[in-house]
There are 4 protein chains.
Amino acid sequence: MTTQSGTTVGFVGLGIMGSPMAAHLVAAGHRVAGYDLNTEAVTRLANAGGRAATSVADAVAGAEVVITMLPADPHVEQVVLGEGGVLDTATPGTLLIDMSTVRPETSQRVASAAAERGLRALDAPVSGGEAGARQATLSIMVGGDEADFARAKPLFDALGKTIVHVGPSGAGQVVKAANQLVVGGIYALVSEAIVLLEASGVDAKAGLDVLAGGLAANRILDLKRESMVARRFQPGFRIDLHHKDMGIVLAAARQAEVALPVGGVVAQLVQAARSMGYGSLDHSALLKVVERFSGHDTHDEHDMPE
Amino acid sequence: MTTQSGTTVGFVGLGIMGSPMAAHLVAAGHRVAGYDLNTEAVTRLANAGGRAATSVADAVAGAEVVITMLPADPHVEQVVLGEGGVLDTATPGTLLIDMSTVRPETSQRVASAAAERGLRALDAPVSGGEAGARQATLSIMVGGDEADFARAKPLFDALGKTIVHVGPSGAGQVVKAANQLVVGGIYALVSEAIVLLEASGVDAKAGLDVLAGGLAANRILDLKRESMVARRFQPGFRIDLHHKDMGIVLAAARQAEVALPVGGVVAQLVQAARSMGYGSLDHSALLKVVERFSGHDTHDEHDMPE
Amino acid sequence: MTTQSGTTVGFVGLGIMGSPMAAHLVAAGHRVAGYDLNTEAVTRLANAGGRAATSVADAVAGAEVVITMLPADPHVEQVVLGEGGVLDTATPGTLLIDMSTVRPETSQRVASAAAERGLRALDAPVSGGEAGARQATLSIMVGGDEADFARAKPLFDALGKTIVHVGPSGAGQVVKAANQLVVGGIYALVSEAIVLLEASGVDAKAGLDVLAGGLAANRILDLKRESMVARRFQPGFRIDLHHKDMGIVLAAARQAEVALPVGGVVAQLVQAARSMGYGSLDHSALLKVVERFSGHDTHDEHDMPE
Amino acid sequence: MTTQSGTTVGFVGLGIMGSPMAAHLVAAGHRVAGYDLNTEAVTRLANAGGRAATSVADAVAGAEVVITMLPADPHVEQVVLGEGGVLDTATPGTLLIDMSTVRPETSQRVASAAAERGLRALDAPVSGGEAGARQATLSIMVGGDEADFARAKPLFDALGKTIVHVGPSGAGQVVKAANQLVVGGIYALVSEAIVLLEASGVDAKAGLDVLAGGLAANRILDLKRESMVARRFQPGFRIDLHHKDMGIVLAAARQAEVALPVGGVVAQLVQAARSMGYGSLDHSALLKVVERFSGHDTHDEHDMPE
């Protein structure tokens, strides 16, 4: 893709995820104006070939596509929906792609507010974490119109590997929520399996090897069983973030009028992990809640992030 | 392995699992005397080259190794520990391998009763189901002494693919319990994800494809997501059996003084599936409980076993 | 209390609860200007001796105290915090008493927005339902400053029986949330007890009589065991409202960083009751979820509200 | 009641509960032969006017009614069903009253084994604890035939206050299980309410007072809220015993094919309390699990039994 055929992109939110993503877009030949409250991050993007924007409005000015990558619902409400925000300052025809993980209803509100102003909007949350953002191997779950998805596809191609249009506005967030529900739940189940094995005098490593070879096989067992048994919980993806995401899972279920008997318990375990002080550990640290719950919490020396 | 080097085996319990297992042992050159209350199953084994035993004692007579493959704890208590049972009639030095899935404490009671009589015992429950039994691709989780495991290994090799000695008496059962806990839990989580996606107007197939490509990936998603979305629940492994196994999971946890917050809920969901009349469906039919729980139970035409 | 010593009150929200409450204030000698979107309710209050206000601003005009009694958080956000709302139009020194049941953080936002404008605010949610509102026997849980509570006390005395100042802004909502958590949970427990008794062939009535005589005794058993066993679920307090309240319970827990393992499950059961179509039944209809969950749902003829 | 009209009773199990119960029977004019492995307890009964039996068979010899009050299922299986046990040695026509708290199916097995030998049997578990046993104010839940209940009634009158025949064999145990389910669940709910209140900066005492005045009112709030807020957990009824009882609850539910979504979680919380080392504290110490789960476990100085 040459610069001529590139897209003019305003990118708001240059954090751990947004910074490498914006840089990938620059590298792919797009004209990227980046903004963040953290001016160092803006300078870094400028050094990488982007333009340093001085405000949201400045990032949005002249952009064909605006991408937002923000921490949570209140930030999206302010930066996208608020006074002087993206919708307030973008010109008709602009496509807004919110890649933040937020509630489906927030994405739907953004989409209808955008439509009222003649703008287009997609929700496109990602999974794959910091590593996926750096290596441009994110999974991207996209909600919105097919035509808007087609228009955004070349940009997504620069950022991820699995890129799927899953339905109308908000659908990307629902899929992300379903993903976090299953991920959180499997962490809890593997934690319970480990504590059950250890407390029964069984070698957890050997036991989990068997599980990983059968119907119980899952990627978390593959990637994390060794570190979990060794009680190494360097993030990865922090409990605090998974706690935020479980809030979205419950909100999405409420909006869809769906009861989640297992998800409801998993959300409480993630809350417990955070309340017990493990918020900055990897989400595999759900194990610490489960073992404390069973009186098996003797591994405090190895568990802090390094 | 030639017949000369083969082992004389008494095999009690020629059901859906035991029949093909006993036949594999015959095919591998062992001398197998089989017994079951179902005389047709005994005849089938005789036709396949085994010996038709007329009682537990007859199957045990002259055996170097006795294998039991029985439905549940009470059967093991009767056939192995009861009057005229295996321990009552076997000669010192015989190795008993109980491949039934039972409570760890039952296996431990068998092992100590065996020791009192100068016999040896292993617990060796399996996973992989009927297909695994037929194709000799079972996973076998073995608890007991290392030397007894070594002695049994050639027999296990004729029956399975993943064969692991996981610890002392009862350890095989604990690993099997941990496996069923994780399997049951993942079914519940995938079910909740499907209902959340569908109720939100998202294409479940597309959504699950994304999940299967990331950290939420698991074998159940790989093997069952298509049939679950289509509401096809032919077993496979029946809810009734998984219900029995969740009883073992809770008993194992109780014995180990371990609390299973998620497992406790999953056990109730499996009970609900059975109570609602889905006991003879595949365990993926947990989806039917979750969807009914959310008022989304409109798929009754396709769900019966064929 | 004479008219001379009465208070000038603006009352916004004349629904099932607000209407009798406003009428009690009139009867107690206060000057009450009432407003609601439902003009019939406004006329009724005028007929009872109040003043018919034509807008929120009109109700607020000249009021020493403004009381709001609204369905949920979004209504409070609009009527109290929104443009042309209570805070926008009240004069400094006015005391706002929000008697709606909302999230603690909504009450806290109201209180700080009020303070910024030189107004005072209390949160004062109630329990006791429609009957309590009619008979002026409500329990009123009040959060805010002691002096404001003292000022509001004569008004509360006209509305309720148990009136307690429980802490700073938001504390009233937290106590209400704790109340609804315990009420919802006891309904679930009594439902499980009934299904267990019936499914075991025990006379539920006789069994519950024993429970009501011992440590398990509770007001729900006292008031509702007969109607629950008979499957009569006329509200009372609707499942839909309890579902709203469980959302507040989970939000309050999240704000306080508290994990609610039992509350998390109860919230899912209440959601299930609503999803299954029982939203307009009394909250004792949690029994219908529990019995369906166990395959014992044969009582559909008696359960609709009359 | 004179000695002439009294009943000859064999009483097996003179523990904390059985000792005062046997003494009450003596005081009421019955001829009581008591047996226990603890010879001091036997001596105490003899000093109180009973007869010191030297074995189960000796206690049973000549008895019209045999009462057993034993810790758990295995003891009943041994003392009642085992070799040299009650059924083995009692003469036809004897009425066995098992007042132990055991699984319904154990009571049913006892009843049918009794019937085979021409004996009669009732299950008659109690609630009310040590205090109830001492003050003869127990609640007694009786399963079995109406005629046997009538025959036993004069004995029960010496022991308790609320005495109810609730159904056929096992029904007494089911009602006891339902009772413990509700009691355990309310302790968990009150614990969650306390932690939510405290963590939100609300005065728990004031908040619980409001709850105790409304629909959330229950006997546990009445009797225990003060001691719970003060973190005093002297038993009362120990967590270890409630843990045993939750095992019976789950077994009774399994037998009745009933799913207990809330009960399933409560059982795990009680297990957690025990696993965390609080087994000898009062069951109100569920609060310690809930608060630890939320990172609020700063009250360790007052919680040990004195």
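Quick caveat: nothing in here was measured; it's all calculated off a predicted structure.

J.: How would you explain helix α10 (residues 204–212) of chain C if you had to name every residue and give the values?
T.: Counting buried positions over the nine residues of α10(C) gives seven, a clear majority of the element. Buried within α10(C) we find A204(C), A206(C), G207(C), L208(C), V210(C), L211(C) and A212(C). On its buried side, α10(C) packs onto α9 (171–199) and α11 (219–229) of chain C together with β8 (138–143), β9 (160–167), α9 (171–199) and α11 (219–229) of chain D.

J.: Now, about the interface of chain A and chain B: what can you tell me, with residues and values included?
T.: Contacts between chain A and chain B engage 59 residues on the former and 59 residues on the latter. When chain A packs against chain B, the two sides together hide about 5100 Å² of surface, and 76% of this comes from carbon and sulfur. In terms of surface lost to chain B, no three residues of chain A exceed L189(A), L196(A) and L215(A), which account for 14% of the buried area on that side. Counting across the chain A and chain B interface gives zero salt bridges. Connecting chain A to chain B are twelve residue pairs in polar contact (both at pLDDT 80 or more). Mapped by element, the contributors of at least two residues to the side of chain A that touches chain B are β8 (138–143), β9 (160–167), α9 (171–199), α10 (204–212), α11 (219–229), α12 (239–255) and α13 (261–278) of chain A. The element contributing the most residues to the side of chain A that touches chain B is α9(A), with 19 residues. Across the side of chain A that touches chain B, the residue classes break down as 42 nonpolar, 13 polar and four charged.

J.: So what's going on with the environment of L286(D)? Which residues, and what values?
T.: One can find L286(D) in helix α14 (residues 286–293). L286(D) sits in the buried class, given a relative accessible area of 2%.

J.: Could you give an account of the domain arrangement of chain A, naming the residues involved and the relevant values?
T.: Residues and elements named next belong to chain A. Domain annotation of chain A identifies domain 1 (8–168) and domain 2 (174–293). Listed as interface residues are 14 residues of domain 1 and, on the opposing side, ten residues of domain 2. Three residues stand out in domain 1 for area buried against domain 2, namely T101, P104 and M141, and they jointly supply 45% of the buried area on that side. Here domain 1 is connected to domain 2 by zero salt bridges. Here domain 1 and domain 2 share six residue pairs in polar contact (both at pLDDT 80 or more) between them. Elements supplying a minimum of two residues to the side of domain 1 that touches domain 2: α6 (104–116) and β7 (126–127). Ranked by the residues each element gives to the side of domain 1 that touches domain 2, the list is headed by α6, at three residues. Residue composition of the side of domain 1 that touches domain 2, grouped by class: eight nonpolar, three polar and three charged.

J.: An account of the packing of helix α4 (residues 73–81) of chain B against helix α6 (residues 104–116) of chain B is needed here, citing residue identities and associated values.
T.: Residue and element names in this part refer to chain B. Packing of α4 against α6 brings their axes to within 11 Å, and their N-to-C directions diverge by 5 degrees. One way to sum up the angle between α4 and α6 is to call them roughly parallel. Each of D73, V76, E77, V80 and L81 in α4 lies in contact with α6, whose residues at this interface are T106, R109, V110 and A113. Of the residues assigned to the contact of α4 with α6, the class counts are five nonpolar, one polar and three charged.

J.: Describe in detail the UniProt feature "domain: 3-hydroxyisobutyrate dehydrogenase-like NAD-binding" (unreviewed entry) in chain A, supporting the description with residues and values.
T.: The feature "domain: 3-hydroxyisobutyrate dehydrogenase-like NAD-binding" (unreviewed entry), as given by UniProt, occupies residues 170–289 of chain A in the numbering adopted here. Overall, residues 170–289 of chain A shows 73% helix and 0% strand. The separation of its end C-alpha atoms is 32 Å.

J.: Go over the interface of chain D and chain B, please, and point to the residues and values.
T.: In this assembly, 18 residues from chain D lie in contact with 18 residues from chain B. Contact between chain D and chain B buries roughly 1400 Å² in total, counting both sides, with carbon and sulfur atoms accounting for 45%. Looking at the side of chain D facing chain B, the largest losses of area belong to R254(D), E257(D) and Q268(D), adding up to 42% of the total buried there. Where chain D packs against chain B, one counts two salt bridges. Applying the counting rule to chain D against chain B returns ten residue pairs in polar contact (both at pLDDT 80 or more). Elements supplying a minimum of two residues to the side of chain D that touches chain B: α12 (239–255) and α13 (261–278) of chain D. The residue inventory of the side of chain D that touches chain B, partitioned by class, reads eight nonpolar, six polar and four charged.

J.: How would you sum up the relation of the copies chain D and chain B? Please name residues and give values.
T.: Between chain D and chain B, the superposition needs a rotation of 180 degrees and an axial shift of 0.1 Å, giving an RMSD of 0.1 Å. Considering both components of the superposition, the chain copies are consistent with a two-fold axis. The C-alpha atom lying nearest the rotation axis in chain D is that of G264(D); the distance is 2.6 Å. When the interface residues of chain D are mapped onto chain B, 100% of them again lie at the interface, so the same face is used by both copies.

Rules behind the numbers
Residues numbered from 1 in each chain as written. Chains lettered and ligands numbered in written order. Predicted model: local features only at pLDDT ≥ 70, side-chain atom pairs only at ≥ 80, totals over all residues. Heavy atoms only, no water. Buried < 20%, exposed > 50% of the residue type's maximum accessible area, 1.4 Å probe, protein only. Helix = DSSP H or I, 4+ residues; strand = E, 2+ residues; numbered from the N terminus. Contact = heavy atoms within 4.5 Å. Buried area = accessible area lost by both parts, 1.4 Å probe. Salt bridge = Lys/Arg side-chain N within 4 Å of Asp/Glu carboxyl O. Polar contact = N/O pair within 3.5 Å; in protein donor to acceptor, adjacent residues only side chain to side chain. Nonpolar A, V, L, I, M, F, W, Y, C, P; charged D, E, K, R; others polar. Domains from an automatic or database assignment. Axes fitted to C-alpha atoms, helices over the stretch in contact; angles between N-to-C directions. Parallel < 35°, antiparallel > 145°, perpendicular 65-115°, else oblique. UniProt positions renumbered as here; feature names shortened; annotations may be inferred. Least-squares fit on C-alpha atoms with pLDDT ≥ 70 in both.

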